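Summary of structural features
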Amino acid sequence: GVLIKGGAHLEHMGRIQALAFDKTGTLTVGKPVVTDVATFNGLAADELLRLAAAVEKWSEHPLAQAIVNKAGDASLRPVTKFKALIGRGAQGDIDGRTVLVGNRRLFEEIGQALAGYDKQLTQLEQQGKTVMLVGTEQQVMGAIAVADTLRENSAAALAALRTAGVRNMAMLTGDNRRVAAAIADQLNIDAFYSELLPEDKVAVVKKIAGEYGGVAMVGDGVNDAPALATATVGIAMGVAGSDTALETADIALMADDLSKLAYVMKLSRRTVRIIKQNVTFSLGLKLLFVLGNFAGLVNLWLAVLADTGAALLVTLNGMRLARKIE
């Protein structure tokens, strides 16, 4: 259930002390659902949902799909000039006006004052829900709260990784601090970094790598690809992962099973250990026979026999990796 794209990546995993995880689609299932629709300025909830869905219909983000699914088969207005705003949301023109759907950062950047809605938004975020604002450059029309569920084995997989020797685990997400804190607390994660753009994730990965001498990054989306490429080892989710993430990653979990991470970690550590054993044994034996040759204790045939025997022994020792890892 694990695709490793080369022996070097397996060796690198054997030395990894820190892991960085993307949140949506990696630690969570990646199939969020709409839980709340709050409207401002007198707009009907159904109208707000249809407006947001019309824009998000063209987005590939899991949060966008949740809004489209909630809107259902209702006729959606045509959208022109759609644009994905990486790490912020999306926008599109409907009936001659630009409608924006995205996070707080997006609306703060265009100069919208959110203080009046802060209490309502904070309440939703403290429940671990991601809040998407809907509006135009002139006003905020409402907010849509979306909740994702943790993968069933996320907590157990992270606990197994600690047992396998990982010293530090961090979560990287574009969500705000309150949502990130709620998820990190549930999973007992060492550190979390919130409100990150793709370039911010790269910076965090470099920071962690500098502290621990290397880092493995686990992600699934297009937004994660730069961080996957920057990490010592990039790991992508095989089913949920985007084509870009799979292409960039060094290792792919083909069944999206996080428990396989501990398996890879144990396998890589055993691999490095056996490589060291084989190299030490081979060099030690050759040094012994070089010294024995100068002392006149060995002849050519004995040296050839020892060399062949050493090759057989290191091969048999390496084959121990085929044994099942508990």
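In this text, all values refer to a predicted model and were calculated from it rather than measured experimentally. (Residues numbered from 1 in each chain as written. Predicted model: local features only at pLDDT ≥ 70, side-chain atom pairs only at ≥ 80, totals over all residues. Heavy atoms only, no water.)

A short note on the layout of surface pockets
Put simply, the test is: Using a 1 Å grid laid over the protein atoms alone, points where a 1.4 Å probe fits but cannot get out form a cavity; open sets with protein on both sides within 12 Å along at least 5 of 7 lines form a pocket; any residue with an atom within 4 Å of a point counts as lining. Grid points are joined across faces, edges and corners, and a volume is the space filled by probe spheres set on the points. Elements are defined by DSSP. Helices are runs of H or I of four residues or more, strands are runs of E of two residues or more, and each kind is numbered from the N terminus. In this classification, Asp, Glu, Lys and Arg are treated as charged, Ala, Val, Leu, Ile, Met, Phe, Trp, Tyr, Cys and Pro as nonpolar, and every other residue, Gly included, as polar.
One number sums up the size of the largest pocket: a volume of about 1300 Å³. In terms of lining, the largest pocket is formed by 48 residues, of which the most central are His 61, Pro 62, Leu 63, Gly 87 and Asn 223. Where the lining of the largest pocket is concerned, the elements lending two or more residues are helix 2 (23-27), helix 4 (62-71), strand 4 (80-85), helix 5 (104-109), strand 7 (130-135), helix 8 (177-187) and helix 9 (198-212). When the residues that make up the lining of the largest pocket are grouped by side-chain class, the tally is 16 nonpolar, 16 polar and 16 charged. For the lining of the second largest pocket, the secondary structure elements donating two or more residues are helix 2, strand 8 (140-147) and helix 8. Top element by residues in the lining of the second largest pocket is helix 8. It accounts for four residues.

Some points on the pairing of strand 12 (residues 233-237)
What counts is decided by this rule: Each residue gets one of three labels from its accessible area relative to the maximum for its type: buried under 20%, exposed over 50%, partly exposed in between, using a 1.4 Å probe on protein chains only. In short, DSSP must find at least two bridges between two strands for them to pair. Crossovers are described as right-handed under a simple rule: with the strands pointing away from the observer, the path leading from the first strand over the helix to the second runs clockwise.
Within strand 12, five of the five residues are buried, which leaves the element mostly enclosed by the surrounding structure. Where burial is concerned, the two faces of strand 12 agree: the one with Val 233, Ile 235 and Met 237 and the one with Gly 234 and Ala 236 are both buried. As defined by bridge partners, strand 11 (residues 216-219) adjoins strand 12 across four bridges and the pair is classed as parallel. Along strand 12, the bridge assignment pairs Val 218 with Ile 235. Read as a crossover between parallel neighbours, the route from strand 11 over helix 10 (residues 225-230) to strand 12 is right-handed. Inspection of the sheet shows strand 12 paired to strand 13 (residues 251-253) by three bridges, in the parallel sense. When the bridges of strand 13 are listed, Met 237 appears paired with Leu 253.

Structural notes on a nonpolar patch on the surface
Selection rule: Only residues above 30% relative accessible area that lack a salt bridge enter a patch, with like-charged residues linked at up to 9 Å and the nonpolar side chains Val, Leu, Ile, Met, Phe, Trp and Tyr linked at up to 5 Å. All accessible areas in this document rest on Shrake-Rupley with a 1.4 Å probe, and a residue is counted as covered only by the protein chains that are shown. What makes a salt bridge here is a side-chain nitrogen of Lys or Arg within 4 Å of a carboxyl oxygen of Asp or Glu, nothing more.
On the surface, a cluster of nonpolar side chains totalling about 410 Å² of accessible area is made up of Phe 281, Leu 313, Leu 316 and Met 319. In this fold, Leu 313 is placed in helix 13 (residues 300-318). Residue classification places Leu 313 among the partly exposed positions, given a relative accessible area of 47%.

Looking at the packing of helix 7 (residues 154-163) against helix 12 (residues 259-294)
Geometry of a packed helix pair, given as the angle between the helix axes and the separation of the axes. The following threshold applies: Note on definitions: angles span 0 to 180 degrees between N-to-C directions of axes, and those axes are lines fitted to C-alpha atoms, for helices only across the stretch in contact. Our angle categories are set so that under 35 degrees counts as roughly parallel, over 145 as roughly antiparallel, 65 to 115 as roughly perpendicular, and the remainder as oblique. Should the near helix be turned counterclockwise from the far one by less than a right angle, the crossing is left-handed, whereas a clockwise turn marks it as right-handed. Two residues form a contact once any of their heavy atoms are found within 4.5 Å.
Across the interface, helix 7 lies against helix 12 with an axial gap of 7 Å and an inter-helix angle of 15°. One way to sum up the angle between helix 7 and helix 12 is to call them roughly parallel. The two elements helix 7 and helix 12 cross, and the hand of that crossing is left-handed. Contact with helix 7, carried on its side by Ala 157, Ala 160 and Leu 161, involves Ser 259, Leu 261, Ala 262 and Met 265 of helix 12 and no other residues of that element. Looking at the contact of helix 7 with helix 12, its residues break down into six nonpolar, one polar and no charged.

By themselves, these figures tell us nothing about what the structure is for.
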